Every structure is written in structure tokens, then in C-alpha cells.
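Residue-level structural notes
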Amino acid sequence: MVSGGKKLQLGVLVSGRGSNLKAIIDASETGTINAVVAIVISDVADARALELARRQGIEAVFVDPRLHATGAEFDATVVDLLRKREVELVCLAGFMRLLSPHFIREYRNRIMNVHPALLPAFAGLHAQRQAIRYGAKVSGCTVHFVDEGVDTGPIIMQAVVPVLDEDSEETFSARILTYEHRIYARAIQLFAEGRLEIRGRRVLCHGTDTLQQYEKQAWGAINP
Ligand code: GRF
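Residues numbered from 1 in each chain as written. Predicted model: local features only at pLDDT ≥ 70, side-chain atom pairs only at ≥ 80, totals over all residues. Heavy atoms only, no water.

1. What about the layout of surface pockets?
Put simply, the rule is: With a 1 Å grid laid over protein atoms only, a set of points is called a cavity when a 1.4 Å probe fits there but cannot get out and a pocket when it is open yet has protein on both sides within 12 Å along at least five of seven lines; lining residues have an atom within 4 Å of a point. Grid points are joined across faces, edges and corners, and a volume is the space filled by probe spheres set on the points. Numbering of helices and strands starts at the N terminus; helices are DSSP runs of H or I of at least 4 residues and strands are runs of E of at least 2. All residues other than Ala, Val, Leu, Ile, Met, Phe, Trp, Tyr, Cys, Pro, Asp, Glu, Lys and Arg, Gly among them, are scored as polar; the first ten of these are nonpolar and the last four charged.
The computed volume of the largest pocket comes to approximately 960 Å³. For the largest pocket, the lining is made up of 37 residues, of which Gly 94, Phe 95, Met 96, Val 114 and Pro 116 are closest to its centre. Among the elements of the structure, α1 (19-30), β5 (111-115), α5 (127-134) and α6 (169-192) are those that each provide at least two residues to the lining of the largest pocket. Looking at the lining of the largest pocket, the element that brings in the most residues is α6, giving four residues. The class makeup of the residues in the lining of the largest pocket is 16 nonpolar, 15 polar and six charged.

2. Details of the packing of aromatic side chains
Our working rule: Note on aromatic contacts: the rings of Phe and Tyr and the six-membered ring of Trp form a pair at centre separations within 6.5 Å, being stacked when their planes are under 30 degrees apart, edge-to-face when over 60 apart, and tilted otherwise. Any Lys NZ or Arg CZ that is within 6 Å of a ring centre and within 35 degrees of that ring's normal is treated as a charge sitting over the ring.
Scanning the entire structure with this criterion turns up three aromatic pairs. The residue whose ring lies beneath Arg 83 is Tyr 107, and the NZ or CZ to ring-centre distance is 5.1 Å. In this arrangement the basic side chain of Arg 97 is found over the ring face of Phe 74, its NZ or CZ atom lying 4.0 Å from the centre.

3. Topic: the pattern of salt bridges
Side chains that differ in charge, positive against negative, can pair when their charged atoms come close. Note the threshold: Salt bridges are identified by distance alone: a Lys or Arg side-chain nitrogen within 4 Å of an Asp or Glu carboxyl oxygen. Throughout, exposure labels follow a simple rule: accessible area from a 1.4 Å probe, protein chains only, divided by the maximum for the residue type, with under 20% read as buried, over 50% as exposed, and the rest as partly exposed.
In this structure the tally under the stated criterion is twelve salt bridges. For Arg 83, the salt bridge identified is with Glu 106, shortest N-O distance 2.7 Å. Taken together, the residues Arg 83 in helix α3 (residues 71-84) and Glu 106 in helix α4 (residues 101-106) connect sequence positions 23 residues apart. Using a relative accessible area of 38% as the deciding quantity, one classes Arg 83 as partly exposed. The class of Glu 106 is partly exposed, set by a relative accessible area of 27%.

4. Some thoughts on the environment of Pro 116
Using the following cut-off: Contacts were defined at the residue level, with two residues in contact if any of their heavy atoms lie within 4.5 Å.
Looking at the secondary structure, you find Pro 116 in the loop between β5 and α5. Exposure remark for Pro 116: the relative accessible area of 16% places this residue in the buried category. With 59 residues separating them in the primary sequence, Pro 116 and Gly 57 have C-alpha atoms 28 Å apart. When near neighbours in sequence (up to four residues on either side) are disregarded, Pro 116 contacts Ala 127, Gln 128, Ser 139, Gly 140, Cys 141, Ile 176 and Glu 180.

5. Describing the domain arrangement of the chain
Note the threshold: For the domains described, the bounds stem from an automatic or database domain assignment. In this description, buried area is defined as the sum, over both parts, of the accessible area (probe of 1.4 Å) that is lost when the two are combined.
By the assigned domains, the chain splits into domain 1 (1-108) and domain 2 (113-224). Here domain 1 and domain 2 have C-alpha centroids that lie 20 Å from each other. Between domain 1 and domain 2, the residue contacts involve 22 residues of the former and 17 residues of the latter. The contact between domain 1 and domain 2 buries some 1,600 Å² in all, and 70% of this surface belongs to carbon and sulfur atoms. Put simply, domain 1 and domain 2 have one salt bridge between them. Elements represented by at least two residues in the side of domain 1 that touches domain 2 include exactly β1 (8-14), α1 and β4 (89-92). Among the elements that make up the side of domain 1 that touches domain 2, the one with the highest residue count is α1 (five residues).

6. Notes on helix α2 (residues 48-55)
Filter applied, for reference: By arc we mean the arc of the directions from the helix axis to the C-beta atoms, nothing more.
Turning to α2, its buried residues are Ala 49, Leu 50, Leu 52 and Ala 53. Taken end-on, α2 shows its buried residues confined to a sector of 160 degrees, consistent with a single buried face. Opposite the buried face of α2, at more than 90 degrees from it, the exposed residues are Arg 48 and Arg 55. Its buried side turned inward, α2 meets β1, α1, β2 (35-42) and β3 (60-62). Among the residues trailing α2, Gly 57 stands out with phi positive, at a value near 75 degrees.

Now the structure itself:
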């Protein structure tokens, strides 16, 4: 449980299943994060994540890409919705579109994404499959700020997950996912507390107990 004060307003962008969205909503409801999901937006009409949000009583909007001539126009509609709900932090959670430079400018350093690998390794699609095929012994997940590139923004937090000999893409992805949920919520809370500072490519985390806590949560649990 974290202390009160005004809750950080989140906008979550989704395209599919929505397990990270669910983790964020749960963390918000239990008070693990001092934040609230103000709106969920999807580019996929029947995304499970939209349904999930609606069941929780959260505004969930489908923005139809086919009604927009360009990606930039689509993004302008999304930015407009986010602004109207006074969203302060945009969380990409399985959102399968690249953001336009306009979107990134509008929310500069206020867009986060979670990626299922230890960036900069295995960027792009099917990161878990890439790691297994490459023969990596560890991979994991990364929460990072979003910039104009694909999975290139400053890294906020990472968790390491070993690749087991018997892993399939499915079993490995499922294990990584549990860590995605944890570090995403943690990164959001650090942002809410105003403890993250971007300095060049590095994200510094202010507060003396952060490292200990981070090591315990993101490393200690999985590294002997
Ligand atoms: C996650 O693996 C995330 O890392 C990637 O897309 C997937 C989304 O899963 N960016 P979910 O919709 O949050 O369950």
C-alpha cells in the first residue's frame, strides 16, 4: 500500500489479451500504485483488454484505424482522448502500432512500454522466440520510456528470467509475463512518486531504498 495524495491518471493502450492492463488495474485497486486507469484505448475492436476494462467499469474506447487516413491521424484522435481525460502517463500494454513523432512529442518522457526481453537484445516482435532460438541462457523483460525508435527508449527497469532447456515459447513467455506485471507496476509507482529522472539514455531512480527494493523484487527472486 502506498500513501494517498492525488492519483496519477493513466491512459493504457492495448491491442490484445490485456494481462498487463489487468495487472495495472489490480495494482491501482489494491493501492500498490498511486495511480488510476482513466481510459483504455485499443486499435482492435474485439481486443480482450477492452472487454476486461469495461467489466471493471473503466472507460474503454475502440479507435478504428480504418477511419483514419494515416497513422498520424489515428494518433491525433488518441492524443485528443488522452488529453480530454487529463492523462499524465501513457502505458503501452501490448499495443501493436508504432507511435507517430507527434504523439511522442505530445507525451515526451511520459509514455512507457513493456517489452518481453532484456533490451537492447531481441527488440521487435516475438522476442521470447528470438531469445530461445538464439540460444540465450537468460532473457527477461524491460520497462522503458518510448522514443521515436522501436524498443529503443531509455530503460527504467528490467527483470532477468533464465531460459530452461525444456522451455517452449509458451512456457518461457508465461514465466516472463509474471515479471512484466511486477516491474510495470513498480515503474509506474516510481513515476507517480516523481523519482525517475531521465539523463541522456539513463533513467536514474532517486530515493535510497530503491536499489535494495529493486534488487529484491527484480533480481533476488530469480537469481540464486
Ligand atoms: C507482452 O508480452 C508485452 O511484453 C508485449 O506484448 C505482450 C502483451 O501482453 N509488449 P498482454 O496483452 O499485456 O497480456
